[in-house]
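# Overview (structure and organization)
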Amino acid sequence: MGTDTLRSDAAGGADPAAERRREQRGWYFYDWACSVYSTSVLTVFLGPYLTSVAESAADADGYVHPLGIPVRAGSFFAYSVSLSVIVAVLVMPLVGAAADRSGRKKPLLAAAAYTGAAATTAMFFLDGDRYLLGGLLLVVANAAQSVAMMLYNSYLPQIAPPEERDAVSSRGWAFGYAAGSLVLIVNLVLYTGHDSFGLSESAAVRICLASAGLWWGAFALIPLRRLRDRRAVDREAALPGFRQLAATVRDMRRRPLTLAFLLAYLVYNDGIQTVISQASVYGSEELGLGQSTLIVAVLLVQVLAVAGALALGRLARRYGAKRTILGSLVAWTVTLGAGYFLPAEAPAWFFVLAAGIGLVLGGSQALSRSLFSHLVPPGKEAEYFSAYELSDRGMSWLGPLLFGLTYQLTGSYRDAIISLVAFFVIGFVLLARVPVRRAIGDAGNPVPERI
């Protein structure tokens, strides 16, 4: 959606620019609300903790048997992440199309956000050998987070004109990483001092998990108050069931360059999402690092990701978003390759790796989001961002699945982590082949001076 729509939305207001900035600030706060889930739950605590719960329920050979299926306890978390993403794949296109056709994104955003927040808060009850409960809550929370992020991302072309989107998207990611850093500091104090608080280690972890859900629900109120629903471009009733998904795919096929970008993003983001979700398992199980070390490392990632997101946003203004993303993929490849050679029980080297990840993490994600916003035809924001979210989270079951299968076959997390390098190399090649200026024009949007 271009600047004309932004002007018409604000028509009649005393200060359209001020209204737009107010809405942008509200938009940032959803990242502030939900990123604590991604950081504290998915990245730090739930992987090692759910793995330990599954191990306590495992048989003598180290297997658990959900629905009678033999699964190595060490792979249960990765498989649960994959299942949550498959659930999101089935839901997001339908919700996205309904949001565009009705023009009512906020009620759908609220429903998804509070479903995820409730499931995360319920992780307080994950103790003993309740690995199935943990898997179920992870599937619900992660799928709800994917749906909510799809709706949240679809606001970007509506609240920011083309020349502002790289900066607005980068600030959103920076807000999220700042919140993750703040809550991780509190988590670190609680976890490392759990004895002085009269808590067991398990109780401290469960409180950290549940607090992320409470934070998510509380701060989601700010964007829900400030974001505005727009008049729908097409008020026809949404198509039933998977006919809508088929219609979305048919529409996107008329824009093959947008699909080419999504394919590239699907591949390299699969690697990013898998590193985020499996890094703590790699650190604890393969490198023998304690939970406190992992928390400090992830905190380092969060702090540097704030600076990295803003710095890459500035680089994009000078060199263009596409070139900056390509540079970040080179950095990802080098960093992840170095991770294979990290010595066990050496926290300092793990912190160096965390620093490298932090500097490229936020920027590569923020610029991918803003670049895609230029490729979305007006009036189809939520519908197209549902496809984007399928690439962001919806198709990122491949990475965790490969990670889990590699570990199951080899018993080595080093082999599992090095297998992810392929996602960044292939993603680089695919993105380099996309003519983004022509893709923006084909979508019916104005082409920025530098992209």
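Provided above is the structure to which this section pertains.
Structural notes, computed from the coordinates. (Residues numbered from 1 in each chain as written. Predicted model: local features only at pLDDT ≥ 70, side-chain atom pairs only at ≥ 80, totals over all residues. Heavy atoms only, no water.)

### Overview of the packing of aromatic side chains
Per the stated rule, a full pass over the model turns up 23 aromatic pairs. For the ring pair Tyr340 and Phe341, a centre distance of 5.0 Å and an interplane angle of 85° mean the geometry is edge-to-face. Residue Tyr340 is classed as partly exposed on the basis of its relative accessible area, which comes to 26%. Relative accessible area serves as the criterion here: at 64%, Phe341 is assigned to the exposed category. Ring geometry for Phe372 versus Phe385: centroids 5.2 Å apart, planes at 85°, classification edge-to-face. (Phe/Tyr/Trp six-rings, centres within 6.5 Å; stacked < 30°, edge-to-face > 60°. Buried < 20%, exposed > 50% of the residue type's maximum accessible area, 1.4 Å probe, protein only.)

### Remarks on the pattern of salt bridges
Under the criterion given, the structure shown has 5 salt bridges. In this structure, the salt-bridge partner of Arg20 is Glu164, at a minimum N-O distance of 2.9 Å. A residue pair is termed long-range when its members are at least 10 positions apart, and Arg20 in helix 2 (residues 16-56) and Glu164 in the loop between helix 6 (156-159) and helix 7 (165-192) qualify at 144 residues. The class of Arg20 is partly exposed, set by a relative accessible area of 24%. Relative accessible area serves as the criterion here: at 23%, Glu164 is assigned to the partly exposed category. A salt bridge links Arg414 to Glu286, with the nearest nitrogen and oxygen atoms 3.4 Å apart. Taken together, the residues Arg414 in helix 17 (residues 413-418) and Glu286 in helix 11 (residues 256-286) connect sequence positions 128 residues apart. By relative accessible area, Arg414 is classed as buried at 17%. Judged by its relative accessible area of 23%, Glu286 falls in the partly exposed class. (Salt bridge = Lys/Arg side-chain N within 4 Å of Asp/Glu carboxyl O. Helix = DSSP H or I, 4+ residues; strand = E, 2+ residues; numbered from the N terminus.)

### Comments concerning a positive patch on the surface
On the surface, Arg21, Arg22, Arg25 and Arg225 cluster together into a patch of positive charge. Tracing the backbone through its elements, the reader meets Arg21 in helix 2. (Patch = residues over 30% accessible without salt bridge, like charges linked within 9 Å, V, L, I, M, F, W, Y side chains within 5 Å. Areas by Shrake-Rupley, 256 points an atom, 1.4 Å probe, with all protein chains shown as cover. Lys, Arg positive; Asp, Glu negative; His and termini not counted. Charge placed at Lys NZ, Arg CZ, Asp CG, Glu CD.)

### So, empty space enclosed by the protein
Empty space among the atoms becomes apparent when a probe as large as a water molecule is rolled across them. Throughout the structure, instances matching the rule amount to 2 cavities of 30 Å³ or more. Looking at the largest cavity, its volume works out to about 600 Å³. Taken together, 42 residues line the largest cavity, and the ones lying closest to its centre are Thr43, Val275, Ile276, Ser277 and Leu361. With 8 residues, the top contributor of residues to the lining of the largest cavity is helix 2. Within the lining of the largest cavity, the residues separate by chemical class into 25 nonpolar, 14 polar and 3 charged. (1 Å grid on protein atoms, 1.4 Å probe; cavity = no way out; pocket = protein on both sides within 12 Å on 5 of 7 lines; lining within 4 Å. Points joined across faces, edges and corners; volume = space filled by probe spheres on them. Nonpolar A, V, L, I, M, F, W, Y, C, P; charged D, E, K, R; others polar.)

### Describing the environment of Leu361
Secondary-structure assignment places Leu361 in helix 14 (residues 347-373). Accessibility expressed as a relative area gives 4% for Leu361, which makes it buried. Along the sequence, Leu361 and Ala117 sit 244 residues apart, while their C-alpha atoms lie 24 Å from each other. Ignoring any residue separated from it by four or fewer positions in sequence, one finds Leu361 in contact with Tyr177, Ile272, Ile276, Val301 and Trp332. (Contact = heavy atoms within 4.5 Å.)

### Description of the nonpolar core
By size, the foremost hydrophobic cluster in this structure holds 132 residues, and its most contacted members are Trp27, Tyr30, Leu46, Phe261, Trp332 and Phe372. Among the elements that line this core, the one with the most residues is helix 2, at 17 residues. Sequence-distant contacts of Tyr30, defined by excluding residues within four places in its chain, comprise Leu109, Ala113, Gln145, Ala148, Met149, Tyr152, Trp216, Ala220 and Pro223. (Core = buried A, V, L, I, M, F, W, Y, C linked by side-chain atoms within 4.5 Å.)

### Let's talk about the packing of helix 7 against helix 14
Axis separation between helix 7 and helix 14 bottoms out at 8 Å; the angle between their running directions is 140°. Between helix 7 and helix 14, the crossing angle belongs to the class labelled oblique. Between helix 7 and helix 14 the crossing geometry is right-handed. Each of Arg165, Asp166, Ser169, Ser170, Gly172, Trp173 and Tyr177 in helix 7 lies in contact with helix 14, whose residues at this interface are Leu361, Gly362, Gln365, Ala366, Leu367, Arg369, Ser370 and Ser373. Partitioned by chemical class, the residues of the contact of helix 7 with helix 14 number 5 nonpolar, 7 polar and 3 charged. (Axes fitted to C-alpha atoms, helices over the stretch in contact; angles between N-to-C directions. Parallel < 35°, antiparallel > 145°, perpendicular 65-115°, else oblique. Left-handed = near helix turned anticlockwise from the far one by under 90°.)

### Some words on helix 8 (residues 201-219)
When the terminal C-alpha atoms of helix 8 are compared, their 27 Å separation across 19 residues agrees well with the 27 Å that a helix rising 1.5 Å per residue should span. Every buried residue of helix 8 is listed here: Ala203, Ala204, Val205, Arg206, Cys208, Leu209, Ala210, Ala212, Gly213, Trp215, Trp216 and Gly217. Looking at the buried side of helix 8, the elements it contacts are helix 2, helix 4 (105-121), helix 5 (131-153), helix 7 and helix 9 (221-226). (Expected span 1.5 Å × (residues − 1).)

### Examining a nonpolar patch on the surface
Residues Leu83, Ile86, Val87, Leu90 and Val91 make up a contiguous nonpolar surface patch of about 370 Å² in total accessible area. Secondary-structure assignment places Val87 in helix 3 (residues 76-102). In this structure Val87 comes out as partly exposed when scored by relative accessible area, which is 31%.

### Examining helix 13 (residues 321-339)
Taking 1.5 Å per residue as the helical rise, helix 13 with its 19 residues ought to reach 27 Å, and the 27 Å between its terminal C-alpha atoms agrees with that figure. Looking only at helix 13, the buried set comprises Ala321, Lys322, Thr324, Ile325, Leu326, Ser328, Leu329, Trp332, Thr335, Leu336, Gly337 and Gly339.

### So, the environment of Thr324
Residue placement: Thr324 occurs in helix 13. Spatially, the C-alpha atom of Thr324 lies 38 Å from that of Leu190, the residues being 134 residues apart in sequence. Among all residues touching Thr324, those that are not within four sequence positions of it are Leu312, Leu315, Ala316, Tyr319 and Leu367.

### A closer look at unusual backbone geometry
For Leu67, which is not glycine, the phi dihedral falls at a positive 55°. As for its position among the elements, Leu67 is in the loop between strand 1 (63-64) and strand 2 (71-72). Its identity is not glycine, yet Glu345 carries a phi of approximately 55°, on the positive side. With respect to the secondary-structure elements, Glu345 resides in the loop between helix 13 and helix 14. Take Glu345: its relative accessible area is 65%, and that puts it in the exposed class.

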